[in-house]
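# Working through the structure, step by step
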Amino acid sequence: MGYYDDSIESHEESLLRLNEIVFDIAKIGENDLVLDAGCGVGGSSIWLAKLKGCKVIGISLAKKEIKLARKFSKQNKVNNFVRFEAMNMINTNFPDNFFDVIIAIESTCYIINKLFFFREASRILKQGERLIIADYFFNNLPSLKEKYYMNCINKESSINLCSFEDFKNFMRLSGFEAINQYNISSNIKGSYEKGIIKLSKLIETVPDPLLKKAILEEKKRNLLELFCLNRKILQYGIVSAIKI
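Residues numbered from 1 in each chain as written. Predicted model: local features only at pLDDT ≥ 70, side-chain atom pairs only at ≥ 80, totals over all residues. Heavy atoms only, no water.

## Structural notes on the overall build of the protein chain
Just so we agree on the cut-off: Helix and strand definitions here come from DSSP, where helices need a minimum of 4 consecutive H or I residues and strands a minimum of 2 consecutive E residues; each element is numbered from the N-terminal end. Here the globule rule reads 2.2 Å times residues to the power 0.38, and the radius of gyration is calculated from C-alpha atoms. When accessible area is computed with a 1.4 Å probe and restricted to protein chains, residues below 20% of their type maximum are described as buried, those above 50% as exposed, and intermediate ones as partly exposed. Residue contacts are counted whenever heavy atoms from the two residues lie within 4.5 Å of one another. Working definition of accessibility: Shrake-Rupley area with a 1.4 Å probe, residue cover restricted to the visible protein chains. Positive: Lys, Arg. Negative: Asp, Glu. His and the chain ends are not part of the count. For this purpose, a charge sits on NZ of Lys, CZ of Arg, CG of Asp or CD of Glu.
Across its full length, the protein chain carries eight helices and seven strands. Computed over the C-alpha atoms, the radius of gyration of the protein chain is 18 Å, within 12% of the 18 Å expected from 2.2 N^0.38 for a compact globule of 244 residues. Counting across all 244 residues of the protein chain, residues that qualify as buried make up 50%. Considering only residue pairs separated by 6 or more positions, the protein chain has 75% of its internal contacts joining residues 24 or more positions apart. With an accessible surface of roughly 12,800 Å², the protein chain has 52% of that area assigned to carbon and sulfur atoms. A gap of 4 Å separates the mean positions of the 35 positive and 29 negative side-chain charges of the protein chain.

## Quick notes on unusual backbone geometry
You will see that Ser158, though not glycine, has its phi angle at about 55°, which is positive. Summarising the element assignment, Ser158 is placed in the loop between helix H5 (144-157) and helix H6 (164-173). In this structure, Lys232 takes a positive phi of about 60° despite not being glycine. Its place among the elements puts Lys232 in the loop between helix H8 (209-230) and strand E7 (234-243). Assessed through its relative accessible area of 68%, Lys232 is described here as exposed.

## Digging into the state of the cysteines
Rule in force here: Disulfides are defined as cysteine sulfur pairs within 2.5 Å.
One pass over the structure, following the stated rule, counts zero disulfides. Unpaired in terms of disulfides, Cys39 finds its nearest cysteine sulfur in Cys54, a separation of 14 Å. A residue is classified by how much of its surface remains accessible, and Cys39, at 8% relative accessible area, is buried.

## Brief notes about the sheet that holds strand E3 (residues 82-86)
Put simply, the test is: Strands pair, by our definition, only if DSSP identifies at least two bridges between them. To define axes, lines are fitted to C-alpha atoms, for helices over the stretch in contact only, and angles between the resulting N-to-C directions are given on a 0 to 180 degree scale.
Overall, mixed pairing links the seven strands, which are arranged E3-E2-E1-E4-E5-E7-E6 in an open sheet. In this open sheet, the two strands that pair with only one neighbour each are E3 and strand E6 (176-183). The mean angle between the axes of side-by-side strands here comes to 15°, regardless of whether they run parallel or antiparallel. Bridge analysis of strand E1 (residues 33-37) against strand E4 (residues 99-105) gives three bridges, and the strand direction is parallel. When the bridges of E4 are listed, Asp36 appears paired with Ile103. Taken strand by strand, helix H7 (residues 185-205) contacts strand E5 (125-138), E6 and E7, and its axis lies near 125° from that of E7.

## Considering the packing of aromatic side chains
Note the threshold: Two rings from Phe, Tyr or Trp (for Trp, the six-membered ring) form a pair when their centres are within 6.5 Å of each other. A pair whose planes differ by under 30 degrees is stacked, one over 60 is edge-to-face, and the rest are tilted. Distance and angle both matter: a charge sits over a ring if NZ of Lys or CZ of Arg is within 6 Å of the ring centre and within 35 degrees of the ring normal.
All chains considered together, the criterion is met by 11 aromatic pairs. On the numbers, 5.9 Å between centres and 10° between planes, the contact of Phe94 with Phe98 is stacked. For Phe94, a relative accessible area of 4% translates into the label buried. Feature note: the residues Phe117, Phe118, Phe137, Phe164 and Phe167 constitute an aromatic cluster, connected by ring pairs. The cationic tip of Lys55 hangs over the ring face of Phe81; the distance from NZ or CZ to the ring centre is 5.4 Å.

## Comments concerning the packing of H7 against H8
What counts, and what does not: An angle below 35 degrees is read as roughly parallel, one above 145 as roughly antiparallel, one from 65 to 115 as roughly perpendicular, and any other as oblique. Crossings are assigned a handedness: left-handed for a near helix turned anticlockwise from the far helix by less than a right angle, right-handed for a clockwise turn.
Running from N to C, H7 and H8 point in directions that differ by 155°, and their axes come no closer than 9 Å. With respect to each other, H7 and H8 are oriented roughly antiparallel. In terms of crossing hand, the pair formed by H7 and H8 is left-handed. Each of Ser185, Ile188, Lys189, Tyr192, Glu193, Ile196, Leu199, Ser200, Leu202 and Ile203 in H7 lies in contact with H8, whose residues at this interface are Lys212, Ile215, Leu216, Glu218, Lys219, Asn222, Leu223, Glu225, Leu226, Leu229 and Asn230.

## Digging into the pairing of E3
This is how the line gets drawn: The crossover handedness rule: strands pointing away from the viewer, path from first strand over the helix to second strand clockwise, crossover right-handed.
Judged from the five bridges that link them, strand E2 (residues 55-60) and E3 form a sheet pairing that is parallel. Bridging from a neighbouring strand, Ile57 pairs with Arg83 of E3. Between E2 and its parallel partner E3, the chain crosses via helix H3 (residues 63-75), and the hand of that crossover is right-handed.

This is the structure we're talking about:
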């Protein structure tokens, strides 16, 4: 997702703006060693290395993503600053007390047992250092009807969301404190609104029935998530914490 405010004119700018906000909250400096947990094809890792000049290690379970991330880091001439590895973020092979900062942007939503991730993050993060997560959360006290929509989101998007209160409890159990949440739901709605318009136009131009079906399914997921954001069943937030 991207972050929209009055200064944003394109989706690409909104993605960079979200990265800026996450990195500013993390207070990342050039001497920090950063783990990008669930790095995808490496966009945030590469941009962070270029912006801050710090060392970044990106990990993902998807080997195809890691292959692309390595290619993109070379193209952006930051391969001396960034390293990408195929690794499970709930069970890494990094030593204890290794990283200065861990960031996880829209990756914890895929973890079934989130406590495993927080315990691993606590193990590999230095004492007194920072964990920053940008992701979706559910309403803390949902009604039965809201629970129905929550189950639909988890099923349709193949994710496993929980409430922010659950997140806080997992973090405290794993040795984190100074836990803060920044609710930016209103700023990411633009991503959905623009995305739905784009998908609607794309459907009209695609002749392949299978591809058209896939686009329709994506539009359906976007509409469902936007509906839940508007009714505050779903929220998007940035969470920061310190390892004690």
